[in-house]
Amino acid sequence: MTTIDEDRLATLLEASEALDSSVAALLGRCRPRTKRGVIALALCGAAFEHGVSQRMLMEAGLAGSALVLCRPHFEAVVRAAWTGQGATDEWIETFTTPTDAPNGTHKEPIMGPPIASMLETFGRHAPHVAAEFRRLATTLPAMNSLLHSGLQMVGYALQGGYTADKMAGVLLNRNLLHWFTANCAVMTAQEPHLVPRMRLLMEKHAACMPAPSVAATGQ
C-alpha cells in the first residue's frame, strides 16, 4: 500500500491552500436572488470557513481539533445543498419568519430534517451529487465520535495522532467538500456563466482532489 510521508502531506496542505483561494474567489462572485439563496449561500460560507479552519489547524499541528470540524463541515455542505434544491417553499418561509422568543433567548423557527432525509429529498434533484454525499456520510459514526469526544478521540489522543496517510484522506475529503460548496453556490446563485468554472476548478486543483463520480458535471 502506498504511504504518504510528512513531506507529501505538507505538499498536499499547500495545494489545498491554493484550492481555498480559488473557491473563495468563486464564492465571492455568487449573489443570492431569493430567500432560499440567502440561506444556502450563508451555509456555503459557513462550510467554507469550517474547511479553511481544518486546513489551518492541521498546519499548526492541531489535527485533533481539525478532525472535530469534519462533522459540522460536512453537515453545512449538505444543508446548503438541501436548502438550495430540496427544501420546500413552506420550510423556507417558516425559517425566515421571526420567532416570538423573548429577547436574549434562542429559538429555532423550524429545524431542518436529519441528514438521511435531506439526502433523500435532495437526491430527487441531483441524484449523483446525493450519491457522493452518501459515500461521505458512511464516516458519520467516526465524525460524531470525534465531535463528542468519544472512542475515536480517545484513540487519537492515546496514539499521539493519526498517520500522515489518514490525515491526507481527511484532507482530500475536505477538498472535495470545498468543490461541492462552490458547486452549490453556483447553482443557488443561478449564474449560468459560472457553471463552466466548476470543471476548470477541478482540473486546476486535480492534484489535491479525489476523483468523485460527479465532479465535472456542474450539477
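In what follows, the accompanying structure is described. (Residues numbered from 1 in each chain as written. Predicted model: local features only at pLDDT ≥ 70, side-chain atom pairs only at ≥ 80, totals over all residues. Heavy atoms only, no water.)

Helix and strand counts for the chain stand at 11 helices and zero strands. Its C-alpha atoms give the chain a radius of gyration of 18 Å, near enough to 17 Å, the size a compact globule of 219 residues would have. By principal-axis analysis of the C-alpha atoms, the chain measures approximately 50 × 45 × 30 Å. Burial status across the chain gives 46% buried among its 219 residues. Of the contacts formed within the chain by residues at least 6 apart in sequence, a portion of 74% connects residues at least 24 apart. Positive and negative side-chain charges in the chain, numbering 18 and 19 respectively, have mean positions lying 5 Å apart. (Helix = DSSP H or I, 4+ residues; strand = E, 2+ residues; numbered from the N terminus. Rg over C-alpha atoms; globule rule 2.2 N^0.38 Å. Buried < 20%, exposed > 50% of the residue type's maximum accessible area, 1.4 Å probe, protein only. Contact = heavy atoms within 4.5 Å. Lys, Arg positive; Asp, Glu negative; His and termini not counted. Charge placed at Lys NZ, Arg CZ, Asp CG, Glu CD.)

Attention now moves to the nonpolar core. Of all hydrophobic cores here, the largest spans 65 residues; its most connected members are Leu67, Phe74, Phe133 and Leu201. Element by element, the count of residues in this core is highest for helix α10 (residues 164-189), at 14 residues. When neighbours within four sequence positions are excluded, Leu201 is seen to be in contact with Leu19, Ser22, Val23, Leu26, Trp179 and Ala182. (Core = buried A, V, L, I, M, F, W, Y, C linked by side-chain atoms within 4.5 Å.)

Attention shifts here to the environment of Leu136. Tracing the chain through its elements places Leu136 in helix α7 (residues 127-137). Sequence-distant contacts of Leu136, that is, excluding residues within four places in its chain, are made with Phe74, Met143, Asn173, Leu176 and Leu177.

Another point: the environment of Glu17. Structurally, the position occupied by Glu17 is in helix α1 (residues 6-27). Among the residues examined, Glu17 registers a relative accessible area of 38% and is labelled partly exposed. A C-alpha to C-alpha distance of 23 Å links Glu17 and Ala81, two positions 64 residues apart in sequence. If we skip the residues at most four places from it in the chain, Glu17 touches Arg55 and Glu59.

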